[in-house]
Amino acid sequence: MGDSGIDVQRQARILARLAGVLPPESLLHECEDTRPYECDGLSAYRQRPMLVALPANEDEVRAVLAACHELRVPVVPRGAGTGLSGGALPMGDGVLLSLARMKRILSLDPAARIARVQPGVRNLAISEAAAPYGLYYAPDPSSQIACTIGGNVAENSGGVHCLKYGLTVHNVARVRGLTIEGEMLEYGSEALDAAGYDLLALLIGSEGMLAVVTEVSVRLIPKPETARCLMASFDDVERAGGAVAGIIAAGIIPAGLEMMDRAATRAVEAFANAGYDLDAAALLLCESDGTPEEVEEEIARMSAVLRDRGATAIRVSGSEAERLRFWAGRKAAFPAVGRISPDYYCMDGTIPRKRLGEMLRFIAAMEQKYGLRCPNVFHAGDGNLHPLILFDANDPDQMHRTEQFAAEVLEECIALGGTITGEHGVGIEKINQMCVQFSAPELALMRGVKAAFDPGGLLNPSKNIPTLHRCAEHGGMHVRRGRLPHPELPRF
């Protein structure tokens, strides 16, 4: 055995086999070369991969998968590594398959409003390429400057404008992908519909467990004529939560509807100088887009609802630069929090909008219980929470308390009628809470789907779907309140 428990003899055999299908520069195996791939955005858990493969095209991906299938080697697909659930955590006895070199926009048809791209294309690059035609790609995760479309497909990513324009699944028409055997399949169609079962929706959000994405056809939409962002201040977080429910109840679907509490806005303002109200207990960012007349009317309607729901101040962007500054602050929430704490743990539960206030009270109680701070940012329009638990990963006790805090928040999401993830996926982070949310027959059906695509369980194993043994080992199905420890993985 070598460092990190890697079997060097097995490594040598696999390296020799893959050297027959990839050029030398596309295979990494030395410690200093593979170390950068040991985690994704959930950096609390790390595992150095046995090998990293960097194919440059679809044929090389197929050859790597076929070889790994023949040798019974686990394969973990990876995009840019910006995921926050450990979905791209490598296996110490397997191959990390990076699609980073496949970053070409293959075609862009402005008449059909379709772009065909390779999986390594950055999310924002699609909109940049479509901009000359007055088009853009709507899903806009906060990491859109870096995250890839292949990773977006794997996690069904959203963003601050997903309330009106939908998640990745609503904006992708077709996906090409390879099974672990190297067989090419196409899911969906660039036409309005596709025959048979909707396997496209099944693949999107499957976290690399069913197939390796090699090409994606995304839908483009026209840029709105204008957009304005309204910033509303509240002296109470529950009133802010009530205002979110009030806007939707009034039949208004904003282009974006985001919420931040005081701890988050103060961290963000020091980082991004977005012009936020630092005295407010909570801020709402509400965006309207469309024709100037539509925007003017919707802003007026939202303002009326917000005042009725207790807003203490309302400010509307007076220019495109100011609108972008409001959103730059929200999108900078994660790096801003990284400046005030050695580490942070970003959660991703979803609850009914009307229960936002209850959840904020619960999180405040958990801060007291575990002695940890937790600023909060939300995709409030669809109830998607992103609590940011601040801790020091070098302190084992703080790490343990953070895990317990996170488990309780996720399980409270279930108790309030929600779910354990909105857009970050399950990965390794939430695999134990799958035992809380789903019954044994439900999990068995999920495993059946996995087996239909990957009978040997070689694609991204030990992620997303827990075994019945695992659920029983950690307290059985529907265990409550943080009793499910995370997998025993290397930490830093």
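Computed from a predicted model, the values in this text were never measured in an experiment.

## Looking at helix 8 (residues 237–249)
Taking 1.5 Å of rise per residue, 13 residues should cover 18 Å, and helix 8 covers 19 Å from first to last C-alpha, within 8% of that figure. Within the span of helix 8, buried status applies to A240, G241, A243, V244, G246, I247 and I248. Residues of helix 8 that are buried sit in contact with helix 6 (162–165), strand 12 (226–234), strand 13 (256–261), strand 14 (282–290), helix 10 (292–308) and helix 13 (356–370). The N-cap of helix 8, judged by a side-chain oxygen 2.9 Å from the amide nitrogen of E238 a few residues on, is D236. After helix 8 finishes, the residue G251 shows a positive phi value of roughly 85°.

## Side note on the state of the cysteines
In total, this model carries one disulfide according to the counting rule given. In this model, C435 is linked to C471 through a disulfide, with the two sulfur atoms separated by 2.0 Å. Linking C435 and C471, the disulfide has an S-S dihedral of approximately -80° and is accordingly described as left-handed. On the criterion of sequence distance, the pair formed by C435 in helix 15 (residues 434–437) and C471 in helix 17 (residues 468–473) is long-range, its members being 36 residues apart. The pair formed by C435 and C471 is uniform in burial state, with each residue classed as buried. For the unlinked cysteine C39, the closest cysteine sulfur is that of C31, found at 14 Å. Look at C39 and you get buried, because its relative accessible area is 13%. A disulfide-free cysteine, C374 has its sulfur positioned 9.4 Å from the sulfur of C346, the nearest such atom.

## What to know about the sheet that holds strand 13
Here we have seven strands laid out as an open sheet, ordered 15-12-14-13-17-18-16, and antiparallel in their pairing. Edge strands, defined here as strands with exactly one partner in the open sheet, are strand 15 (313–316) and strand 16 (343–346). This sheet shows a mean twist of 15° between the axes of neighbouring strands, independent of strand direction. Two elements, strand 12 and strand 14, share nine bridges in a ladder whose sense is antiparallel. Bridge pairing in strand 14 places C229 opposite E287. Sheet strands in contact with helix 10 are strand 12, strand 14 and strand 15, and its direction is about 155° off that of strand 14. On top of the sheet, helix 13 reaches strand 13, strand 17 (376–379) and strand 18 (384–391); it is set at about 155° to strand 17, its chief contact.

## Points about the nonpolar core
The biggest cluster of nonpolar side chains holds 61 residues, and the ones touching the most others in it are L284, L306, M359 and F405. Not counting residues within four places of it along the chain, the set of residues in contact with L284 comprises L230, M231, A232, F234, A240, A243, V244, E258, M259 and L306. L22, M50, V73 and L99 belong to the second-largest nonpolar core, a separate cluster that totals 24 residues.

## Some points on the layout of surface pockets
Size it by volume and the second largest pocket reaches roughly 630 Å³. Lining the second largest pocket are 24 residues, and of these Y136, D140, H161, R323 and L324 lie nearest its centre. Elements with a contribution of two residues or more to the lining of the second largest pocket: helix 4 (123–130), strand 12, strand 14 and helix 11 (320–331). Ranked by the residues each element gives to the lining of the second largest pocket, the list is headed by helix 11, at six residues. A class-by-class count of the residues in the lining of the second largest pocket yields twelve nonpolar, four polar and eight charged.

## A word on the environment of L106
In this fold, L106 is placed in strand 5 (residues 105–109). L106 gets classed as partly exposed once you look at its relative accessible area, which sits at 27%. Once the C-alpha coordinates of L106 and P139 are considered, the two residues, 33 residues apart in sequence, prove to be 20 Å apart. Sequence-distant contacts of L106, defined by excluding residues within four places in its chain, comprise R116, V117, Q118 and E215.

Parameters at a glance
Residue numbers restart at each chain and count upward from 1, following the sequence in its written direction. The predicted origin of the model limits local features to residues at a pLDDT of at least 70 and limits the giving and counting of side-chain atom pairs to 80 or more, whereas totals for whole chains, interfaces and linings rest on all residues. Water and hydrogen atoms were dropped before computing side-chain values, which therefore reflect all heavy atoms in the structure. By definition, any uninterrupted DSSP run of H or I lasting at least four residues is a helix, any uninterrupted run of E lasting at least two residues is a strand, and each is numbered from the N terminus. Residue count minus one, scaled by 1.5 Å, sets the expected span of a helix. Here's how the labels work: a residue is buried when its accessible area is under 20% of the maximum for its type, exposed when over 50%, partly exposed in between, all with a 1.4 Å probe on protein chains only. Only heavy atoms enter the contact rule, under which two residues are in contact if any of them lie within 4.5 Å. Polar contact criterion, stated in full: a pair of N or O atoms within 3.5 Å, where within protein one must be able to donate a hydrogen and the other to accept it, and residues adjacent in sequence count only if both atoms are side-chain atoms. In this description, a disulfide is simply a cysteine sulfur pair whose atoms lie within 2.5 Å. Being paired, for any two strands, means DSSP has found at least two bridges between them. Only the contacting stretch of a helix is used when fitting its axis, a line to C-alpha atoms as for every element, and angles between N-to-C directions run 0 to 180 degrees. As used in this record, nonpolar core signifies buried Ala, Val, Leu, Ile, Met, Phe, Trp, Tyr and Cys residues forming a set joined through side-chain atoms within 4.5 Å. Cavities and pockets were defined on a 1 Å grid built from protein atoms only: a cavity is a group of points that admits a 1.4 Å probe but offers it no way out, a pocket is an open group of points flanked by protein on both sides within 12 Å along at least five of seven lines, and a lining residue is one with an atom within 4 Å of any such point. Grid points are joined across faces, edges and corners, and a volume is the space filled by probe spheres set on the points. Nonpolar residues are Ala, Val, Leu, Ile, Met, Phe, Trp, Tyr, Cys and Pro. Charged residues are Asp, Glu, Lys and Arg, and all others, Gly as well, are polar.

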